[in-house]
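Descriptive structure summary
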Amino acid sequence: MRDPAFPHRHLLGIEGLNSAEINYLLDLSDRYVDVNRSAAKTSDALAGRTIVNLFFENSTRTRTSFELAAKRLGANVINMQVETSSVSKGETLIDTAVTLNAMHPDVLAVRHPDSGAVKLLADKVNCGVVNGGDGSHEHPTQALLDALTIRRRKGKLNGLLVAICGDVLHSRVARSNFLLLLTMGARVRIIAPRTLIPSAVDRLGVEVFTDMNKGLKDVDIVMMLRVQSERMRGSFIPSIREYFHFFGLDREKLAQAKPDALIMHPGPMNRGTEIDSDVADDVERSVIREQVELGVAVRMAVLEVLAKNAMAHNATSNMRRTA
Amino acid sequence: MSVAKPGRIAYINARVLDPASGTDGPGEVLTSGEEIVDVGKKLFDGKLPADVTIVDCQGHCLSPGLVDMRVQLREPGEEHKETLESAARAAVAGGVTTMACLPNTNPIMDDEPTLEFVARRARLLALTKVYCYGAVTKGLQGKELAEMGLLAEAGALAFTDATRAIADAQVMRRALQYGATFGLMIVQHPEEPTLATGVMNAGEIATRMGLSGIPREAEIIMLERDIRLVAMTDGRYHAAHISTSDSVEIIARAKKDGLKVTCDTAPFYFALNELSVGDYRTFAKLSPPLRAEEDRQAIVEGLKNGIIDAIASDHSPQDSDSKRLPFPQAAYGGSGLETLLAVSLDLYHNGDMSLIDVMRRLTCAPADLLGLEAGGLAKGRKADLTIFDPDEGWKVIADTFVSKSKNSPFDGRPVQGRVLRTVVDGRTVFDQLPAQSHTGEAKRATAR
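Before going into details, it helps to say that this report is about the structure given with it. Since the structure is predicted, the reported quantities are computational estimates derived from the model, not experimental observations. (Residues numbered from 1 in each chain as written. Chains lettered and ligands numbered in written order. Predicted model: local features only at pLDDT ≥ 70, side-chain atom pairs only at ≥ 80, totals over all residues. Heavy atoms only, no water.)

**What to know about the overall build of chain A**
The condition is simple: A run of H or I in DSSP becomes a helix once it reaches four residues, and a run of E becomes a strand once it reaches two; helices and strands are each numbered from the N terminus. In this treatment the radius of gyration is a C-alpha quantity, and the globule benchmark scales as 2.2 Å times the residue count to the 0.38 power. Exposure classes here rest on a 1.4 Å probe applied to the protein chains alone. A residue is buried below 20% of its type maximum, exposed above 50%, and partly exposed in between. Whether two residues are in contact is decided by their heavy atoms: any pair within 4.5 Å suffices. Only four residue types enter the tally: Lys and Arg on the positive side, Asp and Glu on the negative side; His and the chain ends are excluded. Here the site of a charge means NZ on Lys, CZ on Arg, CG on Asp, or CD on Glu.
Helix and strand content of chain A: 11 helices and nine strands. Relative to the globule expectation of 20 Å for 323 residues, the C-alpha radius of gyration of chain A, 20 Å, shows essentially globular dimensions. The principal-axis extents of the C-alpha atoms in chain A amount to approximately 65 × 45 × 35 Å. Sorting the 323 residues of chain A into buried and exposed places 58% on the buried side. Relative to all contacts within chain A whose residues are 6 or more apart in sequence, the contacts with residues 24 or more apart total 74%. Measuring between centres, the 41 positive side-chain charges of chain A sit 2 Å from its 38 negative side-chain charges.

So this is what it looks like as structure tokens:
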């Protein structure tokens, strides 16, 4: 039977999840944080299951995090880094999906440079799929680990004031994060130059600021986004120097936030571009390392739930097939 | 295919719809050979001549065959997507008896031999009538003018760079000027390419889906610029598939100012909006992109008040390999020939336009724009006819299309209006008219 508290086959995004489902995943993740901090660090929840990391885009952190999560649950893990040439990327995508599906994996963790590509792949397979980041669309496990970090530090999400700063336009992290935070009752501000703010984003429920000093006023959380230079076509910002001057996080701008405001960053950081080392490494305020740690726990929770649901799904479809 | 000369055929018991003459009522049409010889309420007064084949229209509509002024061919060059034959068969299944095709074939129709190749192949097929646009610029590169005068002599109806905008203002100015020398119409894909770098309409939906947006201003800016150039050159300009409310206003103003400006739109833009992109549905990835609901409503309004002159299918066949891709990589375009009539009739069924007015946009209006003697039922005209039931309901199932490509954004949509018979030059080239008990002779009307 599928997990009644989280009955979805896939985790393709935060959009469509309700607060109970999000809390359920966060509670489960909390338990895995304890497991990870114990000496043994392992569970046999997914013994004999197969998890495939299918990455169409370079990644070290997310892939390692998924790999570690799967291994700590006792699963077999295969890493596939698929080089995407500019021609016939999509053929590779559907072909790869069909090929992998024939090997009966339980869960695929997929990253792809195109928005919607993970959903396209999920439609072609029988196993569970977790979106490890698709284009500028969503990165749900990142949003969950950010939420877990905040919840453990602040004891809640509801009612907090969160600023998401920087390249919102190209950021899947920003989308997943504000969708999750709004669902959980937080207030979200986005702060960026107008060239990096997606059109009509205010209609999704966020407040839009273009001045760091005003936007950071009294916030509980400061989330910095990476300036994704590899996604930049055309001139969004004139120079790194100018960007840092107006939108980089330093002590002075941070002073606008609440004195106990947390600093977060999904990594990898561009020091001196969007964040000053001085604040990034401030042990009192920065929870950037903790985010990485909790990421493994969140992915353990997600993989466990999806693997269970995948087994239930295949059991029912097998029954249907034999019937 | 054998092309037998048809004899005299009487289409009786019809609702004759001829927008060119304003006729809408019970009537009969008599054709002889390739031509219409008589149209009237009651032609035979009860005594039918023995040599006449009777086609009982059973009260269904009989109109001039549809004239589709914007169809993309894939032959020569991409026959795996559509051949001339599959396109022509799809056309007649859709009631289209004349289609004007874009020059973005491979090789490109920027010289006489390619144009003549297509014309000859189409003649041999003897299904729908195929006309071609010539390229405005060599290789559709937007730089040097193609041999427009010679292409026009070889049969090019008008000139366009197909799915590419003529972006360079100086080139557009010269194209309008040079075209005016010979009275040629320039058809623009109105979209500023430097703004149109996204994959769907810019706005809330695109933001939610993480897809890069094409702002509606890409179309608006190009239209405004072009209108200035038309005023400057006194050229003849036609904007294809307009999709925004501002576009309708711009065209309205240009017409009011007496400029030689016309436009068309496609069913996509009055029957669908950006929500059709839904869960990354690549069949709804079109160029221009599907817009917001307010824009869709403005396009309906533009058709109602006649600012938009014609409806064209904008048929853009794509094979499944080009569409079964992540949304940003998928090809643009939708199949349109076989749904042109039924989806356009939404305008009638929704109470926006009268039936004859919808048919005008599909027949004589585009024919007049292209200078074709088509789209009317006058005596002496070629017998290009469409018999259809405007009310019959059916569901679009793209897999059953005659066209080789099944990329319809209307897939699964319930529609009303079915083509029952299509006649080109007096010959029946598509027939789904139920068998007639009226007379055994009626069967002879079926050419294939």
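**Considering the overall build of chain B**
Test applied: Values of accessible area rely on a 1.4 Å probe in the Shrake-Rupley scheme; residue burial ignores everything except the protein chains shown.
Regarding its fold elements, chain B presents 14 helices and 18 strands. In terms of overall dimensions, chain B is globule-like: its C-alpha atoms have a radius of gyration of 21 Å, near the 22 Å expected for 448 residues. Counting only residues that meet the buried cut, chain B has 62% of its 448 residues in that class. At a minimum sequence separation of 6, the contacts of chain B that also span at least 24 residues come to 75%. Here chain B has roughly 16200 Å² of accessible surface; of this, 48% comes from carbon and sulfur atoms.

**Thoughts on the interface of chain B and chain A**
When the parts come together, some accessible area is lost, and that loss is often what is quoted as the size of the interface. Applied cut-off: The term buried area means the drop in 1.4 Å probe accessible area that two parts suffer when joined, counted for both and summed. Within this document, salt bridges are pairs made up of a side-chain nitrogen of Lys or Arg and a carboxyl oxygen of Asp or Glu, the two lying within 4 Å of each other. Polar contacts, as used here, are pairs of N or O atoms within 3.5 Å; protein pairs need one atom able to donate a hydrogen and one able to accept it. Residues neighboring in sequence count only if both atoms are side-chain atoms. Gly counts as polar in this scheme, as do all residues outside two lists: the nonpolar Ala, Val, Leu, Ile, Met, Phe, Trp, Tyr, Cys and Pro, and the charged Asp, Glu, Lys and Arg.
Contacts between chain B and chain A engage 18 residues on the former and 26 residues on the latter. Summed over both partners, the interface of chain B with chain A comes to about 1700 Å²; 54% of that surface belongs to carbon and sulfur atoms. Area buried by chain B at its contact with chain A is led by Glu204, Thr207 and Arg208 of chain B, which between them contribute 34% of it. Inspection of the chain B/chain A interface yields three salt bridges. Summed over the shared surface of chain B and chain A, the number is eight residue pairs in polar contact (both at pLDDT 80 or more). Partitioning the side of chain B that touches chain A into residue classes produces eight nonpolar, five polar and five charged.

**Focus: the nonpolar core**
Counted only if it meets this: What we call a nonpolar core is a set of buried Ala, Val, Leu, Ile, Met, Phe, Trp, Tyr and Cys residues that are connected through their side-chain atoms within 4.5 Å.
Met99, Ile186 and Tyr237 of chain B are the most contacted members of the largest nonpolar core, which totals 98 residues. Take this core: its biggest share by element is seven residues, from helix 1 (residues 84–93) of chain B. Not counting chain neighbours up to four residues away, the residues in contact with isoleucine 186 of chain B comprise Val136, Met148, Phe159, Ile166, Met172, Ala175, Leu176, Arg236, Tyr237 and His238 of chain B. The next biggest cluster of nonpolar side chains, apart from the first, holds 87 residues, and it includes Val33, Ala192, Val219 and Leu306 of chain A.

**Quick look at the side chain of serine 115 of chain A**
Looking at the secondary structure, you find serine 115 of chain A in the loop between strand 3 (107–112) and helix 4 (117–122). One polar contact links the side chain of serine 115 of chain A to the main-chain carbonyl oxygen of glycine 210 of chain B, over a distance of 2.5 Å. Residue contacts for serine 115 of chain A: discarding those within four places in its chain leaves Asp134, Gly135, Ser136 and His137 of chain A together with Met209, Gly210, Leu211, Tyr280, Phe327 and Pro328 of chain B.

**Examining the pairing of strand 3 (residues 35–40) of chain B**
Residue and element names in this part refer to chain B. Operational definition: Criterion used throughout: strands pair if DSSP finds at least two bridges between them.
Strand direction decides the pairing type here: strand 2 (residues 23–32) and strand 3, joined by five bridges, are antiparallel. The residue of strand 3 that forms the bridge with serine 32 is glutamate 35. In this structure, the hairpin formed by strand 2 and strand 3 is closed by a connection of two residues, where glycine 33 is found at a positive phi of approximately 60°.

**Points about the sheet that holds strand 5 (residues 161–165) of chain A**
Residues and elements named next belong to chain A. Operational definition: Between N-to-C directions, angles cover 0 to 180 degrees, with each direction set by a line fitted to C-alpha atoms, over the stretch in contact for helices.
Here we have five strands laid out as an open sheet, ordered 7-6-5-8-9, and parallel in their pairing. In this open sheet, the two edge strands, each paired with only one partner strand, are strand 7 (207–209) and strand 9 (262–264). Here the strands of the sheet are splayed against their neighbours by 20° on average, with no regard to which way each runs. In this structure, strand 6 (residues 187–191) lies alongside strand 7, joined through three bridges in parallel fashion. Bridged to isoleucine 190 within strand 7 is valine 208. Running at roughly 165° to strand 9, helix 5 (residues 140–154) makes contact with strand 8 (221–224) and strand 9 of the sheet.

**A short note on the sheet that holds strand 2 (residues 76–81) of chain A**
Residue and element names in this part refer to chain A. Judged by pairing direction, the sheet is parallel, and its four strands sit side by side in the order 2-1-3-4 without closing on themselves. At either margin of the open sheet sits one strand with a lone partner, and together these are strand 2 and strand 4 (128–134). Each strand of the sheet is rotated relative to its neighbour by a mean of 15°, with strand direction disregarded. Taken together, the six bridges between strand 1 (residues 50–55) and strand 2 define a ladder with parallel strand orientation.

**Quick word on the environment of alanine 307 of chain A**
All names here are of chain A. Summarising the element assignment, alanine 307 is placed in helix 11 (residues 288–322). A relative accessible area of 0% places alanine 307 in the buried class. Considering only alpha carbons, one finds alanine 307 and arginine 49, 258 residues apart in sequence, at a separation of 7.7 Å. Discounting residues that sit within four places of it in the chain, alanine 307 has contacts with Leu46 and Val107.

**What about the packing of helix 4 (residues 169–181) of chain B against helix 6 (residues 217–233) of chain B?**
For any two helices packed against each other, one specifies the inter-axial angle together with the distance between the axes. All names here are of chain B. Convention followed: Between 65 and 115 degrees an angle is taken as roughly perpendicular, under 35 as roughly parallel, over 145 as roughly antiparallel, and anywhere else as oblique. If you view the pair so one helix is near and one far, a crossing is left-handed when the near helix is turned anticlockwise from the far one by less than a right angle, and right-handed when it is turned clockwise.
Contact geometry of helix 4 with helix 6 gives a least axis separation of 9 Å together with a crossing angle of 40°. The orientation of helix 4 with respect to helix 6, classified from their angle, is oblique. Crossing angle aside, the handedness with which helix 4 passes helix 6 is right-handed. Residues Ala169, Met172, Arg173, Leu176 and Gln177 of helix 4 lie in contact with helix 6, whose contacting residues are Arg225, Asp226, Leu229, Val230, Met232 and Thr233. Taken together, the residues that form the contact of helix 4 with helix 6 break down as six nonpolar, two polar and three charged.

**Here we look at the pairing of strand 16 (residues 385–395) of chain B**
All names here are of chain B. One ladder, built from four bridges, connects strand 5 (residues 61–64) with strand 16; its direction is antiparallel. Bridging from a neighbouring strand, proline 64 pairs with leucine 385 of strand 16. Alignment of strand 16 against strand 17 (residues 414–424), held across eight bridges, turns out to be antiparallel. Each bridged residue has a counterpart across the sheet, and for tryptophan 394 the counterpart in strand 17 is valine 415.

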